[in-house]
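# Examining the three-dimensional arrangement
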Amino acid sequence: MTAIDTVPTVQTVDAVYFDGRSNRKHGVTLRLAAALEIVEGGALVDTWPFDAVRRADGPPEWLRLSCLAALPLARLEIAEPAMQQAVAARCRSLDAGRERHTWRIAGWSLAAVGSIFALVFFGIPLLADRLAPLVPRAVESRLGEAIDKQARFVLGGKVCTGAEGQAAFAVMVDKLKRAGGIDDPLKAQVISTVLPNAFALPGGKIYLTNGLLQKANNVDEIAGVIAHELGHVRHRDSMRQLIQTGGTSFLVGLLFGDVIGGSAVIFATRSLFNSSFSREMERDADDAAIATMHKLGRSPRPMGELLIRVTGTQANKSLGLLASHPLTEERLAIMKTADARNVGAEILSTRQWTALKGICR
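Residues numbered from 1 in each chain as written. Predicted model: local features only at pLDDT ≥ 70, side-chain atom pairs only at ≥ 80, totals over all residues. Heavy atoms only, no water.

### Details of helix α12 (residues 350-357)
Those residues of α12 not exposed but buried are Trp-353, Ala-355, Leu-356 and Lys-357. In this structure, the buried residues of α12 make contact with α4 (163-179), β8 (187-191), α5 (210-215) and α6 (219-235). (Buried < 20%, exposed > 50% of the residue type's maximum accessible area, 1.4 Å probe, protein only. Helix = DSSP H or I, 4+ residues; strand = E, 2+ residues; numbered from the N terminus. Contact = heavy atoms within 4.5 Å.)

### Considering unusual backbone geometry
One non-glycine residue, Arg-236, adopts positive backbone phi at about 55°. Relative to the elements of secondary structure, Arg-236 occurs in the loop between α6 and α7 (237-255). Using a relative accessible area of 9% as the deciding quantity, one classes Arg-236 as buried.

### A few points about the side chain of Asp-220
Relative to the elements of secondary structure, Asp-220 occurs in helix α6. Relative accessible area serves as the criterion here: at 6%, Asp-220 is assigned to the buried category. Of note is the side chain of Asp-220, whose polar atom sits 3.0 Å from the side chain of Arg-298. Once residues lying within four places of it in the same chain are set aside, the contact partners of Asp-220 are Met-293, Arg-298, Pro-302, Asn-342 and Ile-347. (Polar contact = N/O pair within 3.5 Å; in protein donor to acceptor, adjacent residues only side chain to side chain.)

### Regarding the state of the cysteines
Covalent bonding between the sulfur atoms of two cysteines is what defines a disulfide. By the definition in use, this model includes one disulfide. In this model Cys-160 forms its disulfide with Cys-360; the gap between the sulfur atoms is 1.7 Å. The sign of the S-S torsion, about 85°, decides the handedness of the disulfide formed by Cys-160 and Cys-360: right-handed. You can see Cys-160 sitting in the loop between α3 (137-155) and α4 and its partner Cys-360 sitting in the segment after α12, a full 200 residues away along the chain. The structure places no disulfide on Cys-67, whose sulfur is separated from the nearest cysteine sulfur, that of Cys-91, by 8.9 Å. Assessed through its relative accessible area of 2%, Cys-91 is described here as buried. (Disulfide = S-S within 2.5 Å.)

### Focus on the packing of aromatic side chains
Taken as a whole and judged by the stated rule, the model has one aromatic pair. Seen from their ring centres, Phe-199 and Tyr-207 are 5.6 Å apart, and the 50° between their planes marks the pair as tilted. The same class applies to Phe-199 as to Tyr-207, namely buried. (Phe/Tyr/Trp six-rings, centres within 6.5 Å; stacked < 30°, edge-to-face > 60°.)

### Comments concerning the sheet that holds β8
Strand order in the open sheet formed by three strands is β8-β10-β9, and the pairing between neighbours is mixed. For this open sheet the edge positions go to β8 and β9 (198-201), each flanked by a neighbour on one side alone. Mean inter-strand twist for the sheet, computed between neighbouring axes without regard to direction, equals 20°. Relative to strand β10 (residues 205-209), β8 runs parallel, the two being bridged by five bridges. The residue of β10 that forms the bridge with Val-190 is Leu-208. (Pairing = 2+ DSSP bridges. Axes fitted to C-alpha atoms, helices over the stretch in contact; angles between N-to-C directions.)

### Quick word on the nonpolar core
Formed by 36 residues in total, the largest nonpolar core has its most connected members in Met-172, Leu-208, Ile-222, Ile-226 and Leu-356. Elements represented by at least two residues in this core include exactly α4, β9, β10, α5, α6, α9 (279-295), α10 (301-311) and α12. Of the residues forming this core, the biggest block, eight residues, is contributed by α6. Residues in contact with Ile-222, not counting those within four places in the same chain, are Met-172, Leu-208, Leu-212, Leu-213, Ala-216, Leu-306 and Trp-353. Ranked by size, the runner-up nonpolar core spans 24 residues in total, among them Val-53, Leu-76, Ile-78 and Leu-94. (Core = buried A, V, L, I, M, F, W, Y, C linked by side-chain atoms within 4.5 Å.)

### Considerations on the pattern of salt bridges
For the structure shown, the criterion picks out nine salt bridges. Between Glu-37 and Arg-31 there is a salt bridge, with the nearest N and O atoms lying 2.9 Å from each other. By relative accessible area, Glu-37 is classed as buried at 17%. The salt bridge involving Asp-220 is made with Arg-298; its shortest N-O contact spans 3.0 Å. Of this pair, Asp-220 sits in helix α6 while Arg-298 sits in the loop between α9 and α10, and the two are 78 residues apart along the sequence. Several salt bridges converge on common partners, so that one network encompasses Asp-220, Arg-298 and Glu-346. (Salt bridge = Lys/Arg side-chain N within 4 Å of Asp/Glu carboxyl O.)

What follows is the structure in structure tokens.
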């Protein structure tokens with residue numbers, strides 16, 4: 001005796017029916033006879049041949065059905081377990097084509113993920129390079145103001161206001177700005193955090209942290225760092241990075257089902273405080289720093305020596321080649337090659353350098 005022979009000739013149960021014409025639910029009674037009969041209010045409204053019934057996607061506790069002979073959007077939902085088993089026993093082609101359909105979905109899903117990764121790593125950086133020069137300076141300045149508030153909040157430090165130190169810093173930045181050929185307005189400040197860093201924001205804003213300032217042994221070390229950040233300003237790297245970060249965070253949010261900002265915060269934070277410019281951007285900024293220091297008659301080598309002291313050697317670290325910055329040893333080697341005799345005047349006097357070092361006291 002087969003499984004179907006154990007099921008009564010006629011069996012009824014209540015179910016939910018969607019007729020495929022509207023989204024209204026119909027409370028119906030199902031009858032298992034020569035076919036799957038759908039009865040509403042005592043009237044037969046449709047008949048589904050058993051061999052045309054297929055399983056449709058739905059909650060695991062329900063058996064959701066479609067029919068090749070019915071309207072494309074017509075559905076039946078059966079909650080009663082005994083009736084689910086009875087229908088499955090009669091509908092021998094219930095799962096026909098589902099494996100092929102699953103592989104098709106998996107294939108399209110992989111293609112979609114691959115497309116997103118291609119956009120993240122190739123499409124968006126290229127787009128950012130093209131769009132950044134087109135952004136009006138006024139727009140970039142407003143963006144810089146908004147990011148500036150977030151940067152100060154996250155860093156938790158205050159802008160250092162020592163009058164003599166501020167005056168000395170302004171002298172240094174002005175000399176570097178003129179030597180670097182930058183005509184746009186700049187705002188450079190020292191912030192009182194112990195984190196050793198320096199970074200440029202959109203709109204010509206540059207921050208040097210007191211943590212990095214205190215690690216410097218001489219004026220040229222800090223001057224090289226500021227010249228590097230001025231290189232980012234000149235090339236509008238922060239604007240390019242902002243465009244790239246915004247597009248990338250949206251696509252990653254789309255990939256993981258978070259399109260309302262969680263991923264954006266992660267990417268923006270990484271962009272601001274890990275200085276995640278591309279290696280090409282960093283090398284271009286280094287080249288700008290070397291050219292600026294040479295124009296002032298100073299050597300760029302001290303900047304590389306400061307970086308080595310701050311970061312330590314990177315050559316034996318497994319992630320070194322994957323870092324966004326060129327390796328610190330590599331940068332120092334380039335600056336040694338570009339080393340020049342200090343034939344120009346000191347960028348700051350001894351008194352000015354001492355005042356700058358004490359700007360946060």
